[in-house]
Amino acid sequence: SASGIARVPAAGGKPQFLTTPQKGEDFHRFPFALPGGEGALYTVPLTLPPSIWAVNFRTGERRKLAEGSFPQYTSSGHLVFEQNGNLMAAPFEPAGLRLLGPPLPVLEGVGSSMSGAGYFHISANGTLVYVAGGGLTQRSLVWVGRQGAPQALPETKRSSYDQPRLSPDGKWIAFASRFPHQDLWALELASGAVNRLTFTPEEDETPAWTPDGRRVTFVYQKDGAQILSKAADGSGKEELLWKAD
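The structure reproduced in this document is the subject of the present report. None of these values were measured; they are calculated from a predicted model.

Attention shifts here to the overall build of the protein. Of regular secondary structure, the protein possesses zero helices and 23 strands. A principal-axis box enclosing the C-alpha atoms of the protein has dimensions of 60 × 45 × 35 Å. Taken over 245 residues, the protein has a buried fraction of 39%. Expressed as a percentage of contacts within the protein between residues at least 6 apart in sequence, the contacts between residues at least 24 apart total 27%. Between the averaged position of the 23 positive side-chain charges in the protein and that of its 23 negative side-chain charges there is a distance of 2 Å.

So, in structure tokens, the structure goes:
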């Protein structure tokens, strides 16, 4: 389920949620506590593009600061975050939760994960450690035989391939891919043809073939989880099979 940022006493206790995802948001990630213990930075990852927010624990005020992910606050008084493979920095005032200047690139080629986590960290004395990259890695689908030799499948490289599922007859692969929303696609192995199965702005995930291979069932995240079914060739409308209360 969608969840916000929470805090809990160091000695243990009941978590207190400090943010609640709003309409169009899924969950909040990568919290970074600000000095004084009265606020935090965090990422709303599934907006397009992802964005950096700040929250005041005492007042509950939320404020969008910039587009990007994985925020950190440095001893020099800067908000530092990842944006499209670049490390960005802007002067920041924690008490007022506001930027004191525009974000500027300070380092190119910083890696990041599919979840939006930046591969970097800044120590208390200002030393930066990072993994060189350039944004999201290009992925490919491969077939691996029992002897361990990989064989590339006839599809172009993408920044996102998730949850591949082989059809019962072994001729198709259904998968999830974010372009930019996470939709479902089906790849025919013999020809390399690709059918786009879904076109929703919400998240479509976890494809599963019906036993006859004619339809693909999947989870659709809107107003709670739903299970839908769609023709494997992409034709026709989705059929609702189940919806959570």
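So, on to the environment of Gly213. Locating Gly213 in the fold gives a position in the loop between strand S20 (203-209) and strand S21 (215-221). Remark: the alpha-carbon pair of Gly213 and Ala231, spanning 18 residues in sequence, is separated by 9.2 Å.

Time to look at the sheet that holds strand S5 (residues 51-56). Strand pairs in the sheet, formed through backbone hydrogen bonds, run parallel or antiparallel to each other. If you trace the four strands from one edge of the open sheet to the other, you get S3-S4-S5-S6, paired in antiparallel fashion. At either end of the open sheet lies a strand with only one pairing partner, and these are strand S3 (29-33) and strand S6 (62-67). Direction aside, the axes of adjacent strands within the sheet are offset by 25° on average. Where S3 lies against strand S4 (residues 39-44), three bridges are found, and the strand directions are antiparallel. Residue Ala33 lies in a different strand from S4, and its bridge partner there is Ala40.

A separate point is the packing of aromatic side chains. A complete count under the given rule lists four aromatic pairs for this structure. Ring geometry for Phe30 against Phe70: centres 5.3 Å apart, planes inclined by 70°, an arrangement best described as edge-to-face. With Phe30 in strand S3 and Phe70 in strand S7 (residues 69-73), this pair connects stretches of sequence that are 40 residues apart. Of the two residues examined, Phe30 and Phe70, each falls in the buried class.

Taking strand neighbours across the sheet as the criterion, the four strands line up as S16-S17-S18-S19 in an open arrangement whose pairing is antiparallel. Looking at the sheet topology across the chains shown, the edges are occupied by strand S16 (162-166) and strand S19 (194-196). Strand-to-strand twist in this sheet, taken as the mean axis angle between neighbours without regard to direction, amounts to 25°. Bridge analysis of S16 against strand S17 (residues 172-178) gives three bridges, and the strand direction is antiparallel. The residue bridging Asp162 from the neighbouring strand is Ala176, located in S17.

Glancing now at the pairing of strand S18 (residues 182-188). Burial within S18 is extensive, with six of its seven residues counted as buried. Sheet topology places S17 next to S18; seven bridges connect them, and they run antiparallel. Counterpart to Ala174 in the pairing with S18 is Ala186. As paired strands, S18 and S19 are joined by three bridges and run antiparallel to one another.

Further remarks concern the pattern of salt bridges. In the structure shown here, the tally under the stated rule is five salt bridges. A salt bridge links Glu93 to Arg98, with the shortest nitrogen-to-oxygen separation between them at 3.1 Å. Accessibility expressed as a relative area gives 26% for Glu93, which makes it partly exposed. Owing to a relative accessible area of 40%, Arg98 belongs among the partly exposed residues under this scheme.

Soluble, globular proteins show a tendency: their nonpolar side chains are buried together. Among the nonpolar cores identified, the biggest contains 12 residues, and these are Leu34, Leu41, Ile52, Ala54, Leu65, Ala66, Tyr73, Leu79, Phe81, Met88, Phe92 and Leu97. Among the nonpolar cores identified, the runner-up in size contains 11 residues, and Leu197, Val216, Phe218 and Leu228 belong to it.

About the thresholds
- Residues numbered from 1 in each chain as written.
- Predicted model: local features only at pLDDT ≥ 70, side-chain atom pairs only at ≥ 80, totals over all residues.
- Heavy atoms only, no water.
- Helix = DSSP H or I, 4+ residues; strand = E, 2+ residues; numbered from the N terminus.
- Buried < 20%, exposed > 50% of the residue type's maximum accessible area, 1.4 Å probe, protein only.
- Contact = heavy atoms within 4.5 Å.
- Lys, Arg positive; Asp, Glu negative; His and termini not counted.
- Charge placed at Lys NZ, Arg CZ, Asp CG, Glu CD.
- Pairing = 2+ DSSP bridges.
- Axes fitted to C-alpha atoms, helices over the stretch in contact; angles between N-to-C directions.
- Phe/Tyr/Trp six-rings, centres within 6.5 Å; stacked < 30°, edge-to-face > 60°.
- Salt bridge = Lys/Arg side-chain N within 4 Å of Asp/Glu carboxyl O.
- Core = buried A, V, L, I, M, F, W, Y, C linked by side-chain atoms within 4.5 Å.

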